[in-house]
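Observations on the model geometry
The primary structure of each chain is shown beneath.
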Amino acid sequence: RMAAAPPSYCFVAFPPCSKEGLVVFGKNSARPRDEVQEVVYFAAAEHEPGSKVECTYIEIEQVPRTHAVVLSRPSWLWGAEMGANEHGVCVANEAVVTREPASESEALLGMDLVRLGLERGATAKEALDVIVALLEEHGQGGNYYEDGSSCHTFQSAFLIVDRNEAWILETSGKYWAAEKITEGVKCICNQLSLTTKIDAEHPELRNYVKSQGWWNGDSDFNFSEVFSLADDHLACCSGRESLEKQGGDVSAQAMIDVLRDKDSGVCVDSESFLTTASIVSVLPQDPSFPCIHYFTGTPDPSRSIFKPFIFVDDVKLVPKVQSPSFGDDDPAKKIPRFQEKPDRRHELYKAHEWARSLLENDQDKGQKLMRIMLDLEKQGLEAMEDILSRTEILDPAEVVDLFYDCVDTELKFFK
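Residues numbered from 1 in each chain as written. Predicted model: local features only at pLDDT ≥ 70, side-chain atom pairs only at ≥ 80, totals over all residues. Heavy atoms only, no water.

1. Quick look at the packing of helix 7 (residues 347-361) against helix 8 (residues 363-389)
Cut-off, in case you're wondering: In this analysis an axis means a line fitted to C-alpha atoms, helices contributing only their contacting stretch, and an angle means the value between N-to-C directions, from 0 to 180 degrees. Helix and strand definitions here come from DSSP, where helices need a minimum of 4 consecutive H or I residues and strands a minimum of 2 consecutive E residues; each element is numbered from the N-terminal end. Angle categories: roughly parallel below 35 degrees, roughly antiparallel above 145, roughly perpendicular from 65 to 115, and oblique for all the rest. Put simply, a crossing is left-handed when the front helix is turned counterclockwise from the back one by less than a right angle, and right-handed when it is turned clockwise. By definition in these notes, contact holds between two residues if any of their heavy atoms fall within 4.5 Å. Residues are grouped as follows: nonpolar covers Ala, Val, Leu, Ile, Met, Phe, Trp, Tyr, Cys and Pro; charged covers Asp, Glu, Lys and Arg; every other residue, Gly included, is treated as polar.
Packing of helix 7 against helix 8 brings their axes to within 6 Å, and their N-to-C directions diverge by 130°. With respect to their mutual orientation, helix 7 and helix 8 come out oblique. Considering only the axes of helix 7 and helix 8, their crossing is left-handed. Where helix 7 abuts helix 8, its residues Trp354, Ala355, Leu358, Leu359, Glu360 and Asn361 lie against Gln363, Lys365, Gly366, Gln367, Leu369 and Met370. Here the contact of helix 7 with helix 8 is built from residues that sort into six nonpolar, four polar and two charged.

The structure is reproduced here in structure tokens:
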């Protein structure tokens, strides 16, 4: 059983480390190698009073209104590894191991809480409040992987970001602590990172750890020391240095470069795990500019391209990065779960598999294809920079097909 949490990394950079007036967010999602991630959009919606929402394992009360969201998610589950909403809130989830074993009984997954926070929170702090309230009410638990042979459970950490601030939220069961960030570069990965700077916490947190005998109440309260297994809470952030070296110039491109770096370990490609999808978001602090979210929708960012998405009304859906739906026949929805694994590959994933084998088997052709792809990505990045440097307001019609067209062009190159 994969007891170790998958080594995902997520980052946020604020001025003065990022380009003037921009907050830059990024995450690599490290998951089991063969898992498919899809990119899905859900429009804002009104819900009848008393209606319920079916999450990955449990059903909970729905709220009267949910925000529009774009998500990158393992295609067998309801929630998401990472995503953004129409108000410029981004959330990423990290699986963590703490001294308390995570519950195997089915509750909310950390990934469900990502989506719930985005659907219900119009600011980073609102998303945090939503997540901790749901944690209190429903708890977290259940299998993190589509695996019928054993149950892999983890606690959760979250990076929650908006145009003004970020919150690092770390949890163990229903207990939690959070730190607010408004400047510099921050990285979180699959271990606890909060120490003594805690800006919000579960009201019973300190009493609980005292009652467990994990803290005597006299020394400074250090969340990671109290909750980590023995010596697990080491500085994990190999990518942070490279972002700090940018010296006030962290842009979408700089974040993409960090996510592609295999030598630093940020881009995971190991026996059990692979970076199955990546996201980079650029959030202008000036609300008159749109937020831009780049998704790969395919594994290994060093061989994928980041494609931009901007929230506008009637944004064009992109079925080519959506996995097939199996409805109620999905083995993830039947009890006992995961008795078989259906083919969840979407069209872009399949095309990308072909490109990957080309890269591995025919160096010249592979390199040439990669150069064309990176050139395509660069055009997208430059067009987005242009949007962020204009004085006139963006015309929604200009970007309604943006992500669709980028995926379409990428597929054409693969063909």
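From this point, the discussion proceeds with the structure in view.
2. As for the sheet that holds strand 1 (residues 9-13)
For clarity, the cut-off: Strand pairing requires that DSSP identify at least two bridges connecting the strands.
Read from one edge to the other, the open sheet built from six strands follows the order 14-1-2-16-17-18, with strand pairing classed as antiparallel. Lying at the two open borders of the sheet, with one neighbouring strand each, are strand 14 (185-188) and strand 18 (307-309). Sheet twist, expressed as the mean angle between neighbouring strand axes with direction ignored, is 15°. Looking at chain direction, strand 2 (residues 22-32) and strand 16 (residues 273-284) are connected through 11 bridges and run antiparallel. Paired with Leu22 across the bridge in strand 16 is Pro284.

3. Observations concerning the side chain of Ser8
To keep it simple, the criterion reads: Accessible area is worked out with a 1.4 Å probe on protein chains only. A residue is then buried under 20% of its type maximum, exposed over 50%, and partly exposed in between.
Turning to its location among the elements, Ser8 is positioned in the segment before strand 1. Taking the relative accessible area as the measure of exposure, Ser8 reaches 4% and is therefore buried. For Ser8, the residues in contact, after removing those within four places along its chain, are Lys27, Asn28, Ser29, Ala30, Glu81, Glu94, Ile188, Cys189 and Asn190.

4. So, the nonpolar core
Note the threshold: By nonpolar core we mean a set of buried residues, namely Ala, Val, Leu, Ile, Met, Phe, Trp, Tyr and Cys, connected to one another through side-chain atoms within 4.5 Å.
The biggest cluster of nonpolar side chains holds 91 residues, and the ones touching the most others in it are Phe11, Leu159, Val161, Phe223, Val280, Tyr294 and Ile310. Apart from residues lying up to four places away in sequence, Val280 is in contact with Val24, Phe25, Gly26, Ala252, Met255, Ile256, Leu259, Ile292, His293, Tyr294 and Phe306. Counting 46 residues, the second largest nonpolar core, distinct from the first, contains Val69, Val89, Leu109 and Ile160.

5. Observations concerning the packing of aromatic side chains
In this description, a pair of aromatic rings is defined by centroid distance and the angle of the planes. Condition: Stacked, tilted and edge-to-face are the three classes assigned to paired rings of Phe, Tyr and Trp, where Trp is represented by its six-membered ring and a pair needs centres within 6.5 Å; plane angles under 30 degrees give stacked, over 60 edge-to-face, the rest tilted.
Using the criterion set out here, one finds 14 aromatic pairs in the structure. Taking 5.9 Å as the distance between ring centres and 40° as the angle between the ring planes, the aromatic pair formed by Tyr41 and Phe309 counts as tilted. Placement of the pair is Tyr41 in strand 3 (residues 37-42) and Phe309 in strand 18, with a sequence separation of 268 residues. This pair shows no difference in class: Tyr41 is buried, exactly as Phe309 is.

6. So, the pairing of strand 1
For strand 1, the tally of buried residues reaches five of five residues, placing the bulk of the element in the interior. Inspection of the sheet shows strand 1 paired to strand 14 by four bridges, in the antiparallel sense. Directly across from Cys10, in strand 14, lies its bridge partner Ile188.

7. Comments concerning the sheet that holds strand 8 (residues 69-74)
The sheet built from eight strands is open, its strands ordered 3-8-9-10-11-12-13-15 with antiparallel pairing. Two strands bound the open sheet, and with one partner strand each, they are strand 3 and strand 15 (200-201). Both strand 11 (residues 155-161) and strand 12 (residues 166-172) contribute to a ladder of five bridges, which runs antiparallel. Each residue of the ladder has a partner; that of Val161, found in strand 12, is Ala166. Taken strand by strand, helix 2 (residues 124-138) contacts strand 11, strand 12 and strand 13 (175-181), and its axis lies near 10° from that of strand 12.

8. Quick look at the packing of helix 1 (residues 110-120) against helix 2
Viewed as axis vectors pointing N to C, helix 1 and helix 2 meet at an angle of 130°, and their least axial separation amounts to 8 Å. By the angle class used here, helix 1 and helix 2 are oblique. In the crossing of helix 1 with helix 2, the sense of the turn from one axis to the other is right-handed. For the pair formed by helix 1 and helix 2, the contact residues are Leu113, Leu116, Gly117 and Arg120 on the first element and Glu126, Ala127, Val130, Ile131, Leu134 and Leu135 on the second. For the contact of helix 1 with helix 2, the class distribution of residues is seven nonpolar, one polar and two charged.

9. Focus: the environment of Glu136
Here is the rule we go by: Throughout this description, a polar contact denotes any pair of N or O atoms lying within 3.5 Å of each other; where both atoms belong to protein, one of them has to be capable of donating a hydrogen while the other can accept it, and for residues adjacent in sequence the pair is counted only when both atoms sit in side chains.
Relative to the helices and strands, Glu136 is located in helix 2. Taking the relative accessible area as the measure of exposure, Glu136 reaches 40% and is therefore partly exposed. Separated by 38 residues in sequence, Glu136 and Lys174 place their C-alpha atoms 5.3 Å apart. Apart from the residues lying within four places of it in its own chain, the contact partners of Glu136 are Lys174 and His202. A polar atom in the side chain of Glu136 sits 2.7 Å from the side chain of His202.

10. Quick look at the side chain of Ser75
With respect to the helices, strands and loops of the structure, Ser75 is situated in the loop between strand 8 and strand 9 (82-85). For Ser75, a relative accessible area of 11% puts it in the buried group. Excluding its chain neighbours within four sequence positions, the residues that come into contact with Ser75 are Val36, Glu38, Ser323 and Arg344.

11. Observations concerning the pattern of salt bridges
Our working definition: Salt-bridge detection follows one rule: a side-chain nitrogen of Lys or Arg within 4 Å of a carboxyl oxygen of Asp or Glu.
Following the criterion strictly, the structure yields 31 salt bridges and no others. One salt bridge in this structure joins Glu46 and Arg65, with 2.8 Å as the shortest N-O distance. Taken together, the residues span a long stretch of sequence, with Glu46 in strand 4 (residues 45-46) and Arg65 in strand 7 (residues 65-66) at a distance of 19 residues. Its relative accessible area of 40% is what places Arg65 among the partly exposed residues. Between Arg344 and Asp330 there is a salt bridge, with the nearest N and O atoms lying 2.7 Å from each other. Within this pair, whereas Arg344 is found in the loop between strand 18 and helix 7, its partner Asp330 is found in the loop between strand 18 and helix 7, the two being separated by 14 residues in sequence. Each member of the pair Arg344 and Asp330 is classed as buried. Residues joined in a network through salt bridges with shared partners are Arg33, Lys262, Asp269 and Asp300.

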